[in-house]
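Listed below are the residues making up each chain.
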Amino acid sequence: MKEIIQNTINSLEKFKDLKRIEFNKRTCPTAMKVIGVTVPNLTIVFKELKQQIKPFSAKEKIKIAIGLVETGIHECQGLAYWLLGEDKDSLKFLTKKDIDMLGKNLDNWGSVDSYSILLVGYAWRAGIINTSRIKQYLSSEDYWQRRIAVVATVSLNKKAHGGTGDTKRTLEICQLAVDDHQNMVVKALSWALRELAKVDRESVVDFMKQNKEKLHSKVIREVNNKLKFGTKNGKRQNT
């Protein structure tokens, strides 16, 4: 397994792009090492990795993913989440410990959102972790941890990620986040409510009315735009 992880790093290094490193610093800064690999080239490495581990068992694939995260390399972390997110058989074997081990170095919105939707959200839906565990994220002093809890609700409601709609659990978490005006949490709350509005519009309308005195103006504006126009920026979608 160590050899596969090293081979993956070597493949990423071949695509090193200094412009991509600078782009990452501007758009998604992180303390992790950034090799600087564009999305098309990252896709090439991802396909190579998938082919290499195709014969592996689900638990072995999870170990590979954990090993990639432990490299402390931003692109390796992304590959780990992508790998498991696409492998439904492996996801079924995730444990609470695996979730925690995969949740290292979460200091940027790209990593946090992938982790939250593909892994934490799935584990929540599947009963691997419960709502109490999600609330623990919200109690953290680290705003990235708090963002995990809110973004994880997207996985409950977004069809593309296996969500079928879960108003109760979504609003339970959103209610606990209404007073949190840290920017990354505010953005997450807006996203969570806009996603829920696609499956339960009326509940979101009621939630907005009940919490209008507490919600950040950005959440109010974007969610109301979504309810009225179908987009967060207030521009009507083409029909």
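The structure under discussion appears in the preceding block.
Residues numbered from 1 in each chain as written. Predicted model: local features only at pLDDT ≥ 70, side-chain atom pairs only at ≥ 80, totals over all residues. Heavy atoms only, no water.

Draft legend 1. Examining the overall build of the protein chain more closely. When its secondary structure is counted, the protein chain shows 14 helices and 0 strands. For the protein chain, the N- to C-terminal ordering of α and β elements is α-α-α-α-α-α-α-α-α-α-α-α-α-α. Rg of the C-alpha trace for the protein chain: 19 Å, near the compact-globule value of 18 Å for 239 residues, within the 12% margin. Dimensions of the protein chain, computed from the C-alpha atoms along their principal axes, are close to 55 × 40 × 40 Å. Residue burial in the protein chain is summarised as follows: out of 239 residues, 49% are buried. Taking the contacts inside the protein chain whose residues are at least 6 apart along the sequence as the reference set, 65% of them involve residues at least 24 apart. Approximately 12,200 Å² of the protein chain is accessible, and the part contributed by carbon and sulfur atoms is 50%. (Helix = DSSP H or I, 4+ residues; strand = E, 2+ residues; numbered from the N terminus. Rg over C-alpha atoms; globule rule 2.2 N^0.38 Å. Buried < 20%, exposed > 50% of the residue type's maximum accessible area, 1.4 Å probe, protein only. Contact = heavy atoms within 4.5 Å. Areas by Shrake-Rupley, 256 points an atom, 1.4 Å probe, with all protein chains shown as cover.)

Draft legend 2. View of helix α11 (residues 167–177). Buried within α11 we find T170, L171, I173, C174 and A177. Within α11, the buried residues cover an arc of 160 degrees as seen down the axis, which keeps them to one side. Opposite the buried face of α11, by more than 90 degrees, sit the exposed residues K168 and L176. Buried-residue contacts for α11 involve α8 (109–126), α9 (131–138), α10 (143–157), α12 (183–197) and α13 (201–210). (Arc of directions from axis to C-beta.)

Draft legend 3. Structural detail: helix α4 (residues 58–70). For α4, spanning 13 residues, the distance from its first C-alpha to its last is 19 Å, which sits close to the expected 18 Å at 1.5 Å a residue. Every buried residue belonging to α4 is among A58, K61, I62, I64, A65, I66, G67, L68 and V69, and all of these are buried. Looking one or two places after α4, you find G72, whose phi comes out positive at around 75 degrees. (Expected span 1.5 Å × (residues − 1).)

Draft legend 4. Up close: the side chain of T8. Looking at the element boundaries, T8 is found in helix α1 (residues 2–14). We classify T8 as buried; its relative accessible area is 2%. Discounting residues that sit within four places of it in the chain, T8 has contacts with V45, L49, L68 and L79.

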